[in-house]
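Here are the chains, one letter per residue:
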Amino acid sequence: ETKQSFYLMGGTIIASGVFTFFVNIKGHAGLISGQDSEEVIAAYKKTAGAAPAQTLQVPEPDVEAAKEIDKAGSEAGSAAEYNEFIGHLQK
C-alpha cells in the first residue's frame, strides 16, 4: 500500500515536470521556444513602455462606521446569551 502510494506520487511529480514544457502563456516565451512580447520586455527592463509602479495606501478608518458597528455589536447579544448558547451545545 505504501509502495503504491510512493510510485503514484513519483509518477505524478515526473508527469507534471514533463508537462511544464508544454505550458504556453500568451505574450511570454516558453521554456523551449518562443519570444517575449515587447510589453513584457519593457516591463522586465522597466523602460518607458512599462506601467508606473504604484504604492498601496491603507485607507483611513471611518469613525462613524466604527461607531455603528460597535452599536450593532452591543445590541446583537450579551455574554450571558453566549454562555447560555454554549451550555446548550455541551449538553
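Structure: above.
What you see is a predicted model; the values in this text were computed from it and never measured. Per-chain numbering applies: the sequence of each chain, read as written, is numbered from 1 onward. Side-chain atom pairs in this predicted model are given and counted only at pLDDT of 80 or more, local residue features only at pLDDT of at least 70, and totals for whole chains, interfaces and linings cover all residues. For the side-chain quantities, the full set of heavy atoms in the structure was used; hydrogens and water were omitted.

**Some remarks on the overall build of the protein**
Only DSSP runs of H or I covering at least 4 residues are called helices, and only runs of E covering at least 2 are called strands; the numbering of each starts at the N terminus. Along the protein, the regular secondary structure elements total four helices and zero strands. Shown N-terminal to C-terminal, the secondary structure of the protein runs as helices and strands in the order α-α-α-α. Throughout this description, buried means an accessible area under 20% of the type-specific maximum (1.4 Å probe, protein chains only), exposed means over 50%, and partly exposed covers the range between. With 91 residues in all, the protein has 1% of them scored as buried. Surface accessibility follows the Shrake-Rupley procedure with a 1.4 Å probe radius. Residue values consider only the protein chains on display as shielding. Of the accessible surface of the protein, which amounts to about 9,000 Å², a share of 61% is contributed by carbon and sulfur atoms.

**Section: helix 4 (residues 79-90)**
Given the number of residues in a helix, its expected span is that number minus one, multiplied by 1.5 Å. For helix 4, which comprises twelve residues, the first-to-last C-alpha distance of 16 Å matches the rise-based estimate of 16 Å (1.5 Å per residue) to within 8%. Of all twelve residues making up helix 4, only zero are buried, and the element is barely covered by its neighbours.

**Topic: a nonpolar patch on the surface**
On the surface, Ile14, Val18, Phe19, Phe21, Phe22, Leu31 and Ile32 cluster together into a nonpolar patch covering about 830 Å² of accessible area. With respect to the helices and strands, the residue Leu31 is situated in the loop between helix 1 (2-19) and helix 2 (38-45). Judged by its relative accessible area of 61%, Leu31 falls in the exposed class. Residues form patches when they are more than 30% accessible in relative terms and have no salt bridge. Like charges link within 9 Å. Nonpolar side chains (Val, Leu, Ile, Met, Phe, Trp, Tyr) link within 5 Å. Salt bridge, as applied in this entry: a Lys or Arg side-chain nitrogen positioned within 4 Å of an Asp or Glu carboxyl oxygen.

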